[in-house]
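# Working through the structure, step by step
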Amino acid sequence: MKEKLRAHIENIIPLTDDEFLHILSFFSFETYKKNDFLIHEGDQVKFCYLIVTGLLKLVYDDKNKKQHIVSFAMEDWWESDFSAYFSQTKAKMFLQCIEDTNVFSLSFANYQKLAAESPKMKQFFLEKSNSGHIASQNRILSFLTSSAKERYEQLLNQYPLLFQRVPKTLLASYLGVSRETLSRLSS
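### Here we look at the nonpolar core
- Counting 38 residues, the largest nonpolar core has Leu5, Ile9, Phe27, Leu38, Leu106, Met121 and Phe125 as its most contacted members.
- When residues of this core are assigned to their parent elements, the largest contribution, five residues, is made by strand β3 (residues 47-53).
- Dropping the residues within four chain positions of it, phenylalanine 27 is found in contact with Leu5, Trp78, Phe104, Ser105, Leu106 and Leu114.
- Met74, Leu170, Tyr174 and Val177 belong to the second largest nonpolar core, which has 19 residues in total.

As structure tokens, then:
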């Protein structure tokens, strides 16, 4: 699995063997089963996660206990309640496995230390952060400017495998539509 971490990082920055071994020492490898929680709402968020295999959902429960899927995270994606992670506060969302999942976890303390020690990793984290901001803004703009049908088609075009891996009720929540509406959109 460590080869997958190295390949993921080297998609952005080159590493020597010694650099990678040093970087690897900051991460922990963890295995979770389907339906396991990595973060519960109200938890102190200590880790962010690089998904090696599997699929996760990040969910926000509103005051009426309606669940809103904020994001899905699959292989090669980073996920956490980033607001709570970076501010070191309690989670407002929960992170749960949709499939059996393997991750590399990075504590906030190790993130800070790694970014301070390694200009290469600081650059890596900056580029990953920028990509995440762009994806979040695109999702917000999609909700503001696109119809449900357009959002469905965008998701299908961008992540076709997601439709094979995620139950329709979760896809409907992510798209902000009812299960019935999703059925109409997909026919």
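Back to the write-up after that little detour.
### As for the layout of surface pockets
- Volume-wise, the largest pocket comes out at about 1,300 Å³.
- What lines the largest pocket is a set of 38 residues, among which Ser131, Gly132, His133, Ala135 and Ser136 lie closest to the centre.
- Those elements that provide at least two residues to the lining of the largest pocket are β5 (67-74), β6 (78-79), α3 (82-87), α5 (119-145), α6 (148-158) and α8 (168-175).
- For the lining of the largest pocket, the element with the most residues is α5, which contributes 14 residues.
- Partitioned by chemical class, the residues of the lining of the largest pocket number 20 nonpolar, 13 polar and five charged.
- Of the pockets and cavities examined, the second largest pocket occupies roughly 220 Å³.
- Taken together, 13 residues line the second largest pocket, and the ones lying closest to its centre are Lys66, Gln67, Ala172, Ser173 and Val177.
- When contributions to the lining of the second largest pocket are tallied by element, the ones reaching two or more residues are β5 and α8.
- Tallied by class, the residues present in the lining of the second largest pocket amount to five nonpolar, six polar and two charged.

### Considering the packing of aromatic side chains
- If you walk through the whole model with that rule in mind, you get 19 aromatic pairs.
- Here the aromatic rings of tryptophan 77 and tyrosine 159 are separated by 5.2 Å at their centres, their planes lie at 70°, and the arrangement is edge-to-face. Of this pair, tryptophan 77 sits in the loop between β5 and β6 while tyrosine 159 sits in the loop between α6 and α7 (162-165); the two residues are 82 residues apart in sequence, bridging distant segments of the chain.
- Here the aromatic rings of tyrosine 85 and tyrosine 111 are separated by 6.2 Å at their centres, their planes lie at 65°, and the arrangement is edge-to-face. Here tyrosine 111 lies in helix α4 (residues 108-117) and tyrosine 85 lies in helix α3, a separation of 26 residues in the sequence. The two residues tyrosine 85 and tyrosine 111 agree in class, both being buried.
- An aromatic cluster of three or more residues is present, and its members are Phe27, Phe29, Trp78, Phe82, Tyr85, Phe86, Phe104, Phe108, Tyr111, Phe124 and Phe125.
- Directly above the ring of tyrosine 174 sits arginine 139, whose terminal nitrogen or CZ lies 3.7 Å from the centroid.
- Lying over the aromatic face of phenylalanine 143, arginine 151 brings its terminal NZ or CZ to 4.6 Å of the ring centre.

### Looking at the packing of α6 against α8
- Relative to each other, α6 and α8 sit at 120°, their axes nearing to 10 Å. In this view, α6 runs oblique relative to α8, as classed from their interaxial angle. Pair α6 / α8 crosses with right-handed handedness. Taken together, the residues of α8 that come into contact with α6 (itself represented by Arg151, Tyr152 and Leu155) are Leu171, Tyr174 and Leu175.
- Among the residues making up the contact of α6 with α8, the classes are represented as five nonpolar, no polar and one charged.

### Side note on α8
- Taken residue by residue, α8 has Leu170, Leu171, Ala172, Tyr174 and Leu175 as its buried positions.
- Along its buried surface, α8 packs onto β4 (55-61), β5, α5, α6, α7 and α9 (179-186).
- Downstream of α8 by one or two residues, glycine 176 has phi in the positive range, about 75°.

### A word on the pairing of β5
- Relative to β5, β4 runs antiparallel, the two sharing seven bridges. Within β5, the residue paired with tyrosine 60 across the bridge is histidine 68.
- Hairpin connection of β4 to β5: five residues between the antiparallel strands, including lysine 65 at a positive phi of 65°.

Conventions adopted
Residues numbered from 1 in each chain as written. Predicted model: local features only at pLDDT ≥ 70, side-chain atom pairs only at ≥ 80, totals over all residues. Heavy atoms only, no water. Core = buried A, V, L, I, M, F, W, Y, C linked by side-chain atoms within 4.5 Å. Buried < 20%, exposed > 50% of the residue type's maximum accessible area, 1.4 Å probe, protein only. Helix = DSSP H or I, 4+ residues; strand = E, 2+ residues; numbered from the N terminus. Contact = heavy atoms within 4.5 Å. 1 Å grid on protein atoms, 1.4 Å probe; cavity = no way out; pocket = protein on both sides within 12 Å on 5 of 7 lines; lining within 4 Å. Points joined across faces, edges and corners; volume = space filled by probe spheres on them. Nonpolar A, V, L, I, M, F, W, Y, C, P; charged D, E, K, R; others polar. Phe/Tyr/Trp six-rings, centres within 6.5 Å; stacked < 30°, edge-to-face > 60°. Lys NZ or Arg CZ within 6 Å of the ring centre and 35° of its normal. Axes fitted to C-alpha atoms, helices over the stretch in contact; angles between N-to-C directions. Parallel < 35°, antiparallel > 145°, perpendicular 65-115°, else oblique. Left-handed = near helix turned anticlockwise from the far one by under 90°. Pairing = 2+ DSSP bridges.

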